[in-house]
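Next come the chains, spelled out residue by residue.
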Amino acid sequence: QVQLVESGGGLVQAGGSLRLSCAASGRIFSNYAMGWFRQAPGKEREFVAALNWSGGSTRLADSVKGRFTISRDNAKNTVYLQMNTLKPEDTAVYYCSAGSVLSYFQHIARQYAYWGQGTQVTVSS
């Protein structure tokens, strides 16, 4: 089992920045690919970013490329999502996920075995 706890969400004005953190505990964190997904009210959960076990391979949704960065610190069992130039359409609950996921499938939510409870990000215009 892997337990995931997100933090860092909040209310920010458009153009601002937030950094989300996801702290993992349980099984060996460094074995897993990590992902961030988000879900806005009335919408399906969508892929935001993912990276492999070492952090050497990352993947970003087109909607966040150039604005968001994903990284991990295996010594701290933590994955980060740096979000810059935030837009109102980024408003959603952001979820951290973990799993033994091949890079090709990291954008697919059902590939991940473990999920956090989510953290709310609200961007005002």
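This structure is a prediction, so every number in the text was calculated from the model and none was measured.

J.: Help me understand the pattern of salt bridges in this model?
T.: When charged atoms on two side chains of opposite charge get close, those side chains can pair. This structure, assessed with the given rule, holds four salt bridges. The partner of D90 in a salt bridge is R38, with the nearest N and O atoms 2.9 Å apart. Pair noted here: D90 is in the loop between strand 8 (78-83) and strand 9 (92-99) and R38 is in strand 4 (residues 33-39), with a separation of 52 residues, a long-range link. D90 sits in the buried class, given a relative accessible area of 1%. Measuring nitrogen to oxygen at the nearest pair gives 3.1 Å for the salt bridge that ties K65 to D62. Look at the salt bridges and you will find they share partners, linking R38, E46, R67 and D90 into a network.

J.: Got a minute to help me understand a nonpolar patch on the surface in this structure?
T.: Taken together, the side chains of L102, Y104 and F105 define a hydrophobic patch exposed on the protein surface, amounting to about 360 Å² of accessible area. Looking at the element boundaries, Y104 is found in the loop between strand 9 and strand 10 (114-115). Residue classification places Y104 among the exposed positions, given a relative accessible area of 63%.

J.: Any chance you could explain the pairing of strand 9 here in plain terms?
T.: Residues in a regular strand point their side chains to alternate faces of the sheet. With seven of its eight residues buried, strand 9 lies for the most part within the structure. When strand 4 meets strand 9, the two strands line up antiparallel, connected through seven bridges. By the bridge assignment for strand 9, F37 is matched with Y95. Relative to strand 11 (residues 119-124), strand 9 runs antiparallel, the two sharing three bridges. Paired with A92 across the bridge in strand 11 is V121.

J.: Help me understand the state of the cysteines, please; the structure alone is not making it clear to me.
T.: As used in these notes, a disulfide is a covalent bond between sulfur atoms, one from each of two cysteines. Taken as a whole, this structure holds one disulfide when the rule is applied. Disulfide pairing places C22 opposite C96 at an S-S distance of 2.1 Å. In this structure, the disulfide formed by C22 and C96 twists by about -80° around the S-S bond and is classed as left-handed. Taken together, the residues span a long stretch of sequence, with C22 in strand 3 (residues 18-26) and C96 in strand 9 at a distance of 74 residues. Across the pair, exposure class does not vary: C22 and C96 are buried alike.

Thresholds applied
Residues numbered from 1 in each chain as written. Predicted model: local features only at pLDDT ≥ 70, side-chain atom pairs only at ≥ 80, totals over all residues. Heavy atoms only, no water. Salt bridge = Lys/Arg side-chain N within 4 Å of Asp/Glu carboxyl O. Helix = DSSP H or I, 4+ residues; strand = E, 2+ residues; numbered from the N terminus. Buried < 20%, exposed > 50% of the residue type's maximum accessible area, 1.4 Å probe, protein only. Patch = residues over 30% accessible without salt bridge, like charges linked within 9 Å, V, L, I, M, F, W, Y side chains within 5 Å. Areas by Shrake-Rupley, 256 points an atom, 1.4 Å probe, with all protein chains shown as cover. Pairing = 2+ DSSP bridges. Disulfide = S-S within 2.5 Å.

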